[in-house]
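Geometric and topological summary
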Amino acid sequence: GMQSHLQALLSLYKLYCPEQVTITLPGKMKTYFKNSEGPWKAAITAVRQRNQGTSPLSQAVFLGTSQPQSRKRKWNAQLVVPASSISTNNLQEDRQKNHVYLYSTKESFPLEQLQTFPQLLENIHRLEFPSQMGSVLTNPLLLHYMNCVKDESIYLRLYFWMGQMLQEECTWCVVDNPCEEEFKSFLETIYKSECFLQEGFSACEEFLYKTLPLWDGTCCRSGVFRLMSWIPLSSFSDFKSYLYDPLAQLFFTSSIYFKCSVLESLKELLQNWLNYNVIQMDLELSS
């Protein structure tokens, strides 16, 4: 019998070549193919309404081709990086209730008490990452710990959290977003963490590649250029299509200051690549 995804494909054929599809298809079907021109149409409509002085557009310009999932904030809420807190319950209360602690034979060291580097060294085998990985960005001791552990699950948790935050809070992908200063501060926090770790986050690389074609070259300019300087080394074809081509359209139509900012960011990117390769070569020679 007819399956729903096959019906959707046939309906798409019938839209463009009706003479090729002779069977009758149901009128109401689940949408399987999203319109890839959605972000551009929304952006153009926003510019038209802004120039005409009409009411602001409330439609969000989302990343990719999936439906936008707007995060409903409480009014007066701010974009903040969560504070460090342990993810397990208080062990003393568990003992009083005679609960069996199955996770570890050693008691975890509370992150709220971690204040100095000697404490980190003494309790490095008793530490546990917080339930909200975003809090690591503002804690140098936890960044040290993350650098030592090298656990893939830790980076995955941070990748999903950071990618979601960047997508939802991006000021040039949401029309008339009033939280530009908060987003600038968030980008600055991420940049400082990358400088501390001496490596870029993959979530930032993916965010830049998706949003640079929609960027106007003005909004959060310094934050964008700083994130660009920590993009990991990859193939030239990827850089040309995802980084150079979107920047070229802005480069040739912008001011001298913008051109110099692009060159400065690319120079820092090259320096970071060279430093990374030198470190990797030293590690290989030492091993």
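Refer to the structure presented above.
This section reports on the structure supplied with the text.

Rules of the game
Residues numbered from 1 in each chain as written. Predicted model: local features only at pLDDT ≥ 70, side-chain atom pairs only at ≥ 80, totals over all residues. Heavy atoms only, no water. Salt bridge = Lys/Arg side-chain N within 4 Å of Asp/Glu carboxyl O. Helix = DSSP H or I, 4+ residues; strand = E, 2+ residues; numbered from the N terminus. Buried < 20%, exposed > 50% of the residue type's maximum accessible area, 1.4 Å probe, protein only. 1 Å grid on protein atoms, 1.4 Å probe; cavity = no way out; pocket = protein on both sides within 12 Å on 5 of 7 lines; lining within 4 Å. Points joined across faces, edges and corners; volume = space filled by probe spheres on them. Nonpolar A, V, L, I, M, F, W, Y, C, P; charged D, E, K, R; others polar. Axes fitted to C-alpha atoms, helices over the stretch in contact; angles between N-to-C directions. Parallel < 35°, antiparallel > 145°, perpendicular 65-115°, else oblique. Left-handed = near helix turned anticlockwise from the far one by under 90°. Contact = heavy atoms within 4.5 Å. Expected span 1.5 Å × (residues − 1). Arc of directions from axis to C-beta. Phe/Tyr/Trp six-rings, centres within 6.5 Å; stacked < 30°, edge-to-face > 60°. Lys NZ or Arg CZ within 6 Å of the ring centre and 35° of its normal. Core = buried A, V, L, I, M, F, W, Y, C linked by side-chain atoms within 4.5 Å.

Moving on, we come to the pattern of salt bridges. Going through the model one piece at a time under the given rule, you end up with 6 salt bridges. Between Glu188 and Arg226 there is a salt bridge; the shortest N-O distance is 2.2 Å. With Glu188 in helix H7 (residues 180-197) and Arg226 in helix H9 (residues 221-228), the pair connects residues that are 38 residues apart, well separated along the chain. The class for Glu188 is partly exposed, based on a relative accessible area of 26%. In this structure, the salt-bridge partner of Lys210 is Glu206, at a minimum N-O distance of 3.3 Å. Placement of the pair is Lys210 and Glu206 together in helix H8 (residues 202-211), with a separation of 4 residues, close to one helical turn. Each of the salt bridges in this network shares a partner with another, and the network as a whole consists of Glu180, Glu181 and Lys184.

On to empty space enclosed by the protein. Tallying each qualifying case throughout the model produces 1 cavity of 30 Å³ or more. One number sums up the size of the largest cavity: a volume of about 50 Å³. In this structure, the largest cavity is lined by Gln198, Trp230, Asn272, Asn275, Tyr276 and Ile279. Grouping the amino acids of the lining of the largest cavity by side-chain chemistry returns 3 nonpolar, 3 polar and no charged.

On to the packing of helix H10 (residues 236-251) against helix H11 (residues 256-286). At a closest axis distance of 10 Å, the pairing of H10 and H11 adopts a crossing angle of 155°. Compared by their axis directions, H10 and H11 come out roughly antiparallel. Here H10 and H11 pass one another in a crossing that is left-handed. Between H10 and H11, the contacting residues are Phe239, Leu243, Tyr244, Leu247, Leu250 and Phe251 on the first element and Phe258, Lys259, Val262, Leu266, Leu269 and Trp273 on the second. Across the contact of H10 with H11, the residue classes tally to 11 nonpolar, no polar and 1 charged.

This part covers H8. The element H8 is extensively covered by neighbouring structure, given that 7 of its 10 residues are classed as buried. What H8 keeps buried is the set Ala203, Cys204, Glu205, Phe207, Leu208, Tyr209 and Thr211. Against helix H6 (152-169), H7, H9 and H10 lie the buried residues of H8.

It is worth spelling out H6 at this point. In a regular helix each residue adds 1.5 Å, so 18 residues correspond to 26 Å; H6 covers 26 Å between its end C-alpha atoms and thus fits that length. Turning to H6, its buried residues are Ile154, Leu158, Met162, Met165, Leu166 and Glu169. Viewed along the axis of H6, the buried residues span an arc of 95°, placing them on a single side of the element. Seen from the buried face of H6, the exposed residues on the opposite side, beyond 90 degrees, are Glu152 and Phe160. Contacts from the buried residues of H6 go to helix H5 (140-149), H7 and H8.

Attention now goes to the packing of aromatic side chains. Evaluated as defined, the whole model comprises 15 aromatic pairs. Aromatic side chains Trp172 and Trp215 sit 6.2 Å apart centroid to centroid with 50° between the ring planes, which places their arrangement in the tilted category. Remark: Trp215 occurs in the loop between H8 and H9 and Trp172 occurs in the loop between H6 and H7; sequence separation between them is 43 residues. The class of Trp215 is buried, set by a relative accessible area of 4%. Plain terms: the ring middles of Phe183 and Phe207 are 6.3 Å apart, the flat faces sit at 70° to each other, and that makes the pair edge-to-face. Remark: Phe207 occurs in helix H8 and Phe183 occurs in helix H7; sequence separation between them is 24 residues. We note that Phe183, like Phe207, is buried. One aromatic cluster is present, formed by Trp172, Phe183, Phe207, Trp215, Phe225 and Phe258 through successive ring pairs. Taking NZ or CZ as reference, Lys259 lies 5.4 Å from the ring centre of Phe251, over its face.

With 51 residues, the main nonpolar core has Trp172 and Trp215 as its most contacted residues. Every element with two or more residues in this core is listed here: H5, H6, H7, H8, H9, H10 and H11. Once residues within four sequence positions are removed from consideration, Trp172 is found in contact with Phe183, Phe207, Thr211, Leu214, Trp215, Cys219, Cys220 and Val224.

Turning our eyes to something else, we now look at unusual backbone geometry. Even without a glycine there, the phi angle at Gln198 is positive, about 60°. Looking at the secondary structure, you find Gln198 in the loop between H7 and H8. At Cys220, a position not held by glycine, the phi torsion is positive, near 55°. Of note, Cys220 is situated in the loop between H8 and H9. With a relative accessible area of 2%, Cys220 lands in the buried category.

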